[in-house]
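Chain and residue survey
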Amino acid sequence: MDRCIQLARNGLGRTYPNPVVGSVIVHKDRIIGEGWHQKAGEPHAEVNAVNSVKDKNLLKSSTIYVSLEPCSHYGKTPPCSNLIIDMGIKRVVIGTIDPFSEVAGKGVKKLMDAGCEVVVGVLEEKCRELNKRFFTFHTKKRPYIILKWAQSADGFLSPLPSTGKDREPVWITNRYSKQLVHKWRAEEEAIMVGTRTAIEDNPKLNTRLWHGSDPVRIVLDRQLRVPAESFLFDNSIKTLVLCEKVSSERSSENVIFEPVDFEKDLTTQICEILWRNKIQSVIIEGGRQTLQTFIDAEKWDEARVFTGTVQFKEGTGSPKFSGKQISEENIATDTLRIYIND
């Protein structure tokens, strides 16, 4: 099952709206086939694992391991549970049940009804963690929310603003941390910033430093103050603008305006919009007000916090939050700490 999880990670960021899944086929304690779900609409992990087996006669006396319950319904591809039955595989070991209503135990039932021996719950927590985005989306009806920010050694997001129209963004972290952030963007479905960040930094929010798909860009812009010539409106990437009044003049195929009532619970409305747009995960990149809004509403799952070596002495302070630290690592001169909302 550990190998299934390892294989499944190869699909991270490429399989939405499907989960990442890995599968291994074992015959007499020897791996004879393995595969993972590589892209939505393409064969699932079990199919790729079966297809990798050179001698198909061995399947009838083999065990198939899969990190997530085999599907039992027809989507863009046929049910994997049918394939397992048709190939004569009699023993199936599953990491965790699929929370998607079209599956949710139906795959296990179909296998058992066909006479397969089914074992469920092997390394279950690891398998659930692997698909935390998929599970959150289907069980909580909202995306998996990742907060991300960089702070100075003395706890500031930025120094006091300098004067002049051509103010350049102040980089707190090094180029290795910056590249890692672009890798993260390729793994998640969306990325969001607030009005001030969009205006002052004019971010592109793409994956130019990493190979992978660009996330959907989301900007909170209550009064439509972000200039039309900003990178966010260059039509290169799908962009959602959450605002008080929709601008039909600035709308396009890739720039969609979504109305939000800023006098009501903002985070609940944002989650509902992202749910409606089938977005399973989002990185909140700030600034401080946007980050703190999600923290105060308890609408976050994970926080990734970089601390650099620069000191500002005064400026915009980092968000105040309480979470369980699960990791810490040095990235050259920077320190990265990851927390979960426990």
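As the structure is a prediction and not an experimental result, all values here were calculated from the model. (Residues numbered from 1 in each chain as written. Predicted model: local features only at pLDDT ≥ 70, side-chain atom pairs only at ≥ 80, totals over all residues. Heavy atoms only, no water.)

Take the domain arrangement of the protein next. Taken domain by domain, the protein holds domain 1 (1-132) and domain 2 (142-340). In this structure, domain 1 and domain 2 have C-alpha centres spaced 35 Å apart. Taken together, the contacts link 5 residues of domain 1 with 8 residues of domain 2. Overall, the association of domain 1 and domain 2 removes approximately 670 Å² of surface from exposure, summing both partners, and the carbon and sulfur fraction of that is 50%. (Domains from an automatic or database assignment. Contact = heavy atoms within 4.5 Å. Buried area = accessible area lost by both parts, 1.4 Å probe.)

What follows deals with the sheet that holds strand S5 (residues 117-120). The 5 strands lie next to each other as S2-S1-S3-S4-S5, forming an open sheet whose pairing is mixed. Bordering the open sheet on either side are strand S2 (30-36) and S5, each of which pairs with just one other strand. Strand-to-strand twist across the sheet, computed as the mean angle between neighbouring axes with direction ignored, equals 15 degrees. Direction of pairing for strand S4 (residues 91-96) relative to S5: parallel, over a ladder of 4 bridges. Bridged to Val92 within S5 is Val118. Sitting on the sheet, helix H2 (residues 45-52) is in contact with strand S1 (22-27), S2 and strand S3 (63-68), with an inclination near 140 degrees to S2. (Pairing = 2+ DSSP bridges. Helix = DSSP H or I, 4+ residues; strand = E, 2+ residues; numbered from the N terminus. Axes fitted to C-alpha atoms, helices over the stretch in contact; angles between N-to-C directions.)

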